[in-house]
Amino acid sequence: MKWALLSDIHANIQALDACADHAQRQGAQRWAVLGDMVGYGGDPLPVVERVMQWHGEGACVLQGNHDAMAVTPPQAEGSLGAMTAAWTYQQLPPHCRRFLAHLPLSQRFEHMLMVHASAHHPKEWRYVDNERAARQCLDAASQGDSSTHVFVGHVHEQTLYYQGSGQSLMPFTPTAGVPVPLPRHRSWVATVGSVGQPRDGDPRAMYALYDDTAGRLTFHRVPYDHTAAAAAIRKAGLPEYFAARLEEGR
């Protein structure tokens with residue numbers, strides 16, 4: 001089974017379309033959306049409607065922190081994400097908000113766990129962005145299973161943390177398009193990156209494809225029309241910063 005793993009779309013329909021088309025050409029058979037469908041971008045409704053369609057067809061869809069904020073916008077604008085939460089709330093009809101509100105924070109499929117943030121207290125939206133955080137995430141997810149595979153979003157970067165000879169996890173930065181062999185009997189944590197808002201200086205969209213039959217994980221970078229995505233943000237009257245960062249991959 002080939003899983004297309006997409007996260008942090010952030011209301012960027014152009015990036016989502018590009019990644020979906022690419023994944024289909026790679027033979028993706030099942031979809032997992034690891035949260036943050038909305039926030040920052042200018043097209044929350046088309047993105048949510050697309051993901052709702054996939055969900056109806058059997059996709060795994062999780063709630064992210066920006067999805068939760070869009071359902072119940074913060075009263076105070078204490079973060080960049082909070083700046084768009086109230087606007088996003090107004091763009092989504094009630095049935096879309098209900099969909100986001102009732103999504104799970106994590107979902108397990110045999111040896112695999114999908115989660116938006118860390119499996120270690122997922123409601124706290126912790127970042128898996130270093131070896132210690134990855135260890136905590138894996139320990140919380142494994143529950144004594146020595147072959148747990150954890151897929152995470154939230155951090156907007158693509159990294160694989162794998163079990164070395166000791167207890168510590170080792171970080172590995174993948175090369176786009178190059179399959180990484182991952183024996184099923186080993187435990188690891190993978191952050192799949194951001195479809196709609198990469199932050200590593202490369203504006204190309206991110207997603208990952210996991211072939212659980214062959215035991216291979218491939219991280220992909222996909223060019224898309226980020227100019228059109230930025231234009232949608234400007235047209236919506238959202239902060240210019242949100243548009244500029246798409247063009248710079250920041």
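Structure first, text after, so check above.
Keep in mind that what you see is a predicted model, and the values were worked out from it rather than measured.

Novice: How should I be thinking about helix α6 (residues 131-142) in this particular structure?
Specialist: Since the α-helix turns once every 3.6 residues, residues separated by three or four places project in the same direction. Helix length check: α6, at twelve residues, gives a terminal C-alpha distance of 16 Å against a target of 16 Å (1.5 Å per residue), a fit within 8%. All of the buried residues in α6 are A133, A134, R135, C137, L138, A141 and S142. Next to the buried residues of α6 lie β4 (106-109), β5 (112-115), β6 (149-152), β7 (158-163), β8 (169-172) and β10 (188-192). Put simply, N130 is the residue that caps the front of α6, since its side-chain oxygen is 3.1 Å from the backbone nitrogen of R132.

Novice: Just checking my understanding: could you explain the pattern of salt bridges for this structure?
Specialist: Where charged atoms of side chains with opposite charge meet at close range, the side chains can pair. Applying the stated rule across the entire model yields eight salt bridges. Here R234 and E247 are joined by a salt bridge, their closest N and O atoms 3.4 Å apart. Linking R234 in helix α7 (residues 226-236) with E247 in helix α8 (residues 240-248), this pair joins segments that are 13 residues apart in sequence. You can call R234 partly exposed: its relative accessible area is 36%. A cluster of three or more residues bridged by salt bridges with shared partners is formed by D200, D202, R204 and R221.

About the criteria used
Residues numbered from 1 in each chain as written. Predicted model: local features only at pLDDT ≥ 70, side-chain atom pairs only at ≥ 80, totals over all residues. Heavy atoms only, no water. Helix = DSSP H or I, 4+ residues; strand = E, 2+ residues; numbered from the N terminus. Expected span 1.5 Å × (residues − 1). Buried < 20%, exposed > 50% of the residue type's maximum accessible area, 1.4 Å probe, protein only. Contact = heavy atoms within 4.5 Å. Polar contact = N/O pair within 3.5 Å; in protein donor to acceptor, adjacent residues only side chain to side chain. Salt bridge = Lys/Arg side-chain N within 4 Å of Asp/Glu carboxyl O.

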